[in-house]
Amino acid sequence: MKILFATQNQHKRDEVQALVGHQFNILSLHDLHFTAELPETHETLQENALEKALFVHQQFSIDCFSEDTGLEIDALGGAPGVYSARYAGAGKKPQDNVAKVLQELGDNDNRNAHFRTVICLFYHNETQYFEGIVNGTIAKEPAGEKGFGYDPIFIPEGTALTFAQMNASEKNDISHRRIAIDKMILWLNQQVG
Ligand code: ITT
């Protein structure tokens, strides 16, 4: 089955293609030569995910899904959360976002955080949501070159490594995105029998 992933983030697309295996062919906006930035104007991950999926559905009139992800840090009252992409400004620069998190947290001992992904699937004119959460802590300094975004400072529970120190498959085994995608695939498989 072919399905369009409404994202401009190629890292996300690559992770999701690896997660779903050969059963699904994940088309990206890049494959369709559609380069417009997707709107994210709301205050919740769910609303933003819906907005992105609707925007793309209106362009192509085909089933698609989008996802919005936030890093939610307890000691920062859940920030950067829904504002994760632009936490340090409109430039959306990952290094600046990471630096801002470390600066805001300072020496705070409470470094508990989680990544939360909300997928919005537009399938046969109905909307479905799937959520994935992974708990962890924020490192004192960035470590690792792999992954993307906040991966160099996020240490998932049960490990001593940041996501950026893990291979793609190690991150994919336990990630927020993995949990949400598994739920979506289960649901899609139930629809097609
Ligand atoms: P689209 O909206 O086009 O999907 P985006 O990169 O803007 O792409 P988000 O708004 O969901 O996507 O991203 C929120 C921020 O969180 C952004 O800075 C990402 O780099 C970061 N992020 C998302 N998933 C992540 C992950 O698995 N690991 C680390 N950082 C992640």
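Predicted model only: the values in this text are computed from it and were never measured.

Procedures and definitions
Residues numbered from 1 in each chain as written. Predicted model: local features only at pLDDT ≥ 70, side-chain atom pairs only at ≥ 80, totals over all residues. Heavy atoms only, no water. Helix = DSSP H or I, 4+ residues; strand = E, 2+ residues; numbered from the N terminus. Expected span 1.5 Å × (residues − 1). Buried < 20%, exposed > 50% of the residue type's maximum accessible area, 1.4 Å probe, protein only. Arc of directions from axis to C-beta. Contact = heavy atoms within 4.5 Å. 1 Å grid on protein atoms, 1.4 Å probe; cavity = no way out; pocket = protein on both sides within 12 Å on 5 of 7 lines; lining within 4 Å. Points joined across faces, edges and corners; volume = space filled by probe spheres on them. Nonpolar A, V, L, I, M, F, W, Y, C, P; charged D, E, K, R; others polar.

Trainee: Just give me the short version of helix H3 (residues 94-105), but keep the residues and values in it.
Mentor: Each full turn of the α-helix corresponds to 3.6 residues, which orients residues three or four apart in the same direction. The terminal C-alpha atoms of H3 lie 17 Å apart, and with 12 residues this matches the ideal 16 Å at 1.5 Å per residue to within 8%. Residues of H3 that are buried: Asn 97, Val 98, Val 101, Leu 102 and Leu 105. Angular distribution of buried residues about the axis of H3 spans 130 degrees; they occupy a single face of the element. Of the exposed residues in H3, the ones pointing more than 90 degrees away from its buried face are Gln 95 and Gln 103. Where H3 is buried, its residues contact strand E3 (64-73), strand E4 (80-81) and strand E6 (126-138).

Trainee: Break down the layout of surface pockets for me, citing the residues and quoting the values.
Mentor: Estimates place the volume of the largest pocket at around 680 Å³. Lining of the largest pocket is provided by 29 residues; of these, Asn 9, Lys 12, Ala 85, Lys 92 and Phe 148 occupy positions nearest its centre. When residues in the lining of the largest pocket are grouped by element, the largest group, 4 residues, is from E3. Across the lining of the largest pocket, the residue classes break down as 9 nonpolar, 11 polar and 9 charged.

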